[in-house]
Amino acid sequence: RKEVEQDPGPFNVPEGATVAFNCTYSNSASQSFFWYRQDCRKEPKLLMSVYSSGNEDGRFTAQLNRASQYISLLIRDSKLSDSATYLCVVNKNFGNEKLTFGTGTRLTIIP
Amino acid sequence: DTAVSQTPKYLVTQMGNDKSIKCEQNLGHDTMYWYKQDSKKFLKIMFSYNNKELIINETVPNRFSPKSPDKAHLNLHINSLELGDSAVYFCASSPWGQAEGYTFGSGTRLTVV
């Protein structure tokens, strides 16, 4: 079983729609959780951290359920510029921060 | 100013050659990393150094040898390149103990022919 599992997609979504991504992780000792965004032929960039209380950043909302080992990302009012691959990332180390990436979910926003 | 810079951006080389990729960060971070992203886009850690000391070695073939001359630099040397080494290699850095502070370089696309 992969340490971090995501639906690879692709998700093709009309502009303005709401889209949700899910992710599960296998190691219950994982310490911190993130969503990264990676554009084609670019480096991954931190989109947002994910907390048990849930957190929101503009149109983006992330949730963490430690009991179910489940992470989600919701994008509201999607824009063309949201087209990218979204990577679910967990970190189980404290100190040397070894990030474990999911395979990513590819999102295309259709005009 | 680029925070984490890697060179070269592209590298095409023949099987059996030896090549190096260089990485430098100007963020003052203590920890640097090498990640590999394969043809299926799966991103996986290879090495981690903290203040020039090797911390993580993820069962990478010993043809791959990282070197950190100081905490701002982490280079990757690859001996006897194989077709399967073709991938994008990302350098990254972070403050010690702060995963939120991770910053990736723009990647080196290595093609072995």
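1. Topic: the interface of chain B and chain A
The interface is formed by 24 residues belonging to chain B together with 21 residues belonging to chain A. Summing the contributions of chain B and of chain A, the shared interface buries around 1,800 Å²; its carbon and sulfur component is 60%. At the junction of chain B with chain A, the criterion picks out 1 salt bridge. Between Lys98 of chain A and Glu58 of chain B there is a salt bridge, and its shortest N-O distance comes to 3.2 Å. There are 3 residue pairs in polar contact (both at pLDDT 80 or more) connecting chain B and chain A. Those elements that place two or more of their residues in the side of chain B that touches chain A are β4 (31-37), β5 (43-50), β6 (53-57) and β9 (87-94) of chain B. Residues that form the side of chain B that touches chain A fall into these classes: 13 nonpolar, 7 polar and 4 charged.

2. Examining the sheet that holds strand β3 (residues 19-25) of chain A
All names here are of chain A. A sheet is described by the order of its strands in space; here 5 strands give the open sequence β1-β3-β8-β7-β6, paired in antiparallel fashion. The open sheet is flanked by β1 (4-6) and β6 (55-57), the only strands paired with a single partner. Taking each pair of neighbouring strands and ignoring which way they run, the sheet shows an average axis angle of 20 degrees. Sheet analysis places β1 next to β3, joined by 3 bridges and oriented antiparallel. Counted as the bridge partner of Val4 is Tyr25 from β3.

3. Observations concerning unusual backbone geometry
Geometrically, the link from Gly9 of chain A to Pro10 of chain A is a cis peptide bond, its omega value of 5 degrees lying close to zero. Mapped onto the elements, Pro10 of chain A comes out in the loop between β1 and β2 (11-14). Following Thr7 of chain B, the chain continues to Pro8 of chain B via a peptide bond in cis, the omega torsion being -5 degrees.

4. A few points about the pairing of strand β9 (residues 84-91) of chain A
Residues and elements named next belong to chain A. The element β9 is extensively covered by neighbouring structure, given that 8 of its 8 residues are classed as buried. Burial along β9 is two-sided: Ala84, Tyr86, Cys88 and Val90 facing one way and Thr85, Leu87, Val89 and Asn91 facing the other are all buried. Pairing of strand β4 (residues 32-38) with β9, which is carried by 7 bridges, proceeds in the antiparallel orientation. The residue of β9 that forms the bridge with Tyr36 is Leu87. By the bridge criterion, 3 bridges tie β9 to strand β11 (residues 105-110) in an arrangement that is antiparallel. If you follow Tyr86 over to β11, its bridge partner there is Thr105. Pairing between β9 and strand β10 (residues 99-101): 3 bridges, direction antiparallel. Bridge pairing in β10 links Val89 to Phe101.

Procedures and definitions
- Residues numbered from 1 in each chain as written.
- Chains lettered and ligands numbered in written order.
- Predicted model: local features only at pLDDT ≥ 70, side-chain atom pairs only at ≥ 80, totals over all residues.
- Heavy atoms only, no water.
- Contact = heavy atoms within 4.5 Å.
- Buried area = accessible area lost by both parts, 1.4 Å probe.
- Salt bridge = Lys/Arg side-chain N within 4 Å of Asp/Glu carboxyl O.
- Polar contact = N/O pair within 3.5 Å; in protein donor to acceptor, adjacent residues only side chain to side chain.
- Helix = DSSP H or I, 4+ residues; strand = E, 2+ residues; numbered from the N terminus.
- Nonpolar A, V, L, I, M, F, W, Y, C, P; charged D, E, K, R; others polar.
- Pairing = 2+ DSSP bridges.
- Axes fitted to C-alpha atoms, helices over the stretch in contact; angles between N-to-C directions.
- Buried < 20%, exposed > 50% of the residue type's maximum accessible area, 1.4 Å probe, protein only.

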